[in-house]
Amino acid sequence: MATEAVQAAAGAAAEAASKGGMPQLDFSTYANQIFWLAVALVLVFLIVSKLALPRIGGILSERKNTIERDIAAAEELKAKAVSAEAAYNQALADARAEALRIVGETRAAIQKDLDAATAVADREIAAKSAESEKRIGEIRDQAVAAVTEVAHETAGDIVAALGGTADAAAIKAAVDSRLKG
Amino acid sequence: MPWPGTKGTRVADASSGGVQIHPMEQFTIHPLFGGHTLHWYTVTNQTLWMAIAVLVIFSLLVLGTSARAMVPGRMQSVGELAYNFVRDMIEDVAGKDGMAFFPYIVTIFMFIVTCNFLALIPFSFSVMAQFAITGVMAIAVFLTVTITGFIRHGGGFLKLFWVSAAPAPLRPVLAVIELLSYFVRPVSHSIRLGGNMMAGHAVFEVFAGFAVVALISPVSVLAIAGMYALEIIVAFVQAYVFTILTVVYLKDALHPGH
């Protein structure tokens, strides 16, 4: 009984001491703490070294490879695009030259046709105007003849009306000389 | 960061008539499934939160990357971020041959940063506020660095303490100082992390304790909100500091001599 009481008192005193000060300095807990710390650290070390680091390292290097590969592919595509652009520009220049050539040829052909057509038209116009001039001349001659005829008759009639007898040939000569004058 | 008024924290004891704050009680380790005896194998509240940390790390780094997506999702991005963060840190500080310790450093970084952020969940437990934890980790780093140094360079590793750039008469004095500072490393290494985490969570508790007084409580609640933002930064920064110091010490082992 007595020893129990002593033990209880000692326990209470120890508890009071640990409560009053820093529980961290209670050395009776150290073995327990160190044991579980060791367990925890070994577990974390196994997790880290066996699972986490190889996996994360793998992910990171895989990503780095992918990025490098993608950059290389992008550069290749860019080179292709540049060469395609050059080819396109070349084709464009060729097409433009071809177009200029066709335009020139077409223009020359059209000019030739135009010249031929103009010549034909000119000839027709010249023929038609010559014909017209001929007809105008005929009409004028006829008109002059008619006028002369009318003048002869009129002069003869006037002379007859004035009481003279007119020689047809004399009258005609007089009228002709007047008409010429 | 236990909440005020929960089992772990007696904020105000009405019977004693005043505000009683127990900022350190949250760091108490107790068996998770009842009982009072704490054997070395007993599952405690700390065991629970370390187990949660292991699960979180597993989900983040293994389940989160299971898609192996070319374009990463959120979880995978965080995993890749952690991977690149630690890898760049090692390559920048210790050089390419430091990459042999990559899993080791990632383990340290992920465990600390996960525990620190889990500790910011209300009702949780701050694993990294325990000096047993940070101390063992710092000693592990110290032993790793020292053993690596001697394996790689044999006695040449001792050149680390012999400052050949200094004038000859000063060298023995500097060697003593260098040797002392070398052995102080695990102490500063562990206290820096443990102390920071402990202080932050203790301050939470103090402010939470004052929150029961009606007059102070608005200020107290605002202060907790501000502290929380600060602690989010501290949670990451302290994990970063512990990790980069580990890498710096490793650099000494791989490339001794100044």
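(A) Fine view of helix α2 (residues 74-93) of chain B. For α2 of chain B, with 20 residues, the first-to-last C-alpha span of 28 Å sits near the 28 Å given by 1.5 Å per residue. Taken together, the buried positions of α2 of chain B are Gln-76, Gly-79, Ala-82, Tyr-83, Val-86 and Ile-90 of chain B. Projected down its long axis, α2 of chain B carries its buried residues within an arc of 130 degrees, all on one side. Opposite the packed face of α2 of chain B, turned more than 90 degrees from it, sit the exposed residues Arg-74, Leu-81, Asn-84, Asp-88 and Asp-92 of chain B. Looking at the packing, one finds that the buried side of α2 of chain B touches α2 (30-161) of chain A together with α1 (45-63), α3 (102-118) and α6 (217-254) of chain B.

(B) Region of interest: the interface of chain A and chain B. In this complex, chain A contributes 31 residues to the contact, which on the side of chain B involves 39 residues. At 25 residues, the largest contribution of residues to the side of chain A that touches chain B is made by α2 of chain A. Partitioned by chemical class, the residues of the side of chain A that touches chain B number 21 nonpolar, seven polar and three charged.

(C) View of the nonpolar core. The biggest cluster of nonpolar side chains holds 57 residues, and the ones touching the most others in it are Ala-53 and Ile-112 of chain B. Every element with two or more residues in this core is listed here: α2 of chain A together with α1, α2, α3, α4 (131-153), α5 (171-210) and α6 of chain B. Ranked by residue count, the leading element in this core is α2 of chain A, at eleven residues. Those residues in contact with Ala-53 of chain B that lie beyond four places of it in its chain are Ala-40 of chain A together with Phe-111, Thr-114, Cys-115, Leu-118 and Val-127 of chain B.

Procedures and definitions
Residues numbered from 1 in each chain as written. Chains lettered and ligands numbered in written order. Predicted model: local features only at pLDDT ≥ 70, side-chain atom pairs only at ≥ 80, totals over all residues. Helix = DSSP H or I, 4+ residues; strand = E, 2+ residues; numbered from the N terminus. Expected span 1.5 Å × (residues − 1). Buried ≥ 20, exposed ≤ 12 C-beta atoms within 10 Å, placed from the backbone. Arc of directions from axis to C-beta. Contact = placed C-beta atoms within 7 Å. Nonpolar A, V, L, I, M, F, W, Y, C, P; charged D, E, K, R; others polar. Core = buried A, V, L, I, M, F, W, Y, C linked by C-beta atoms within 7 Å.

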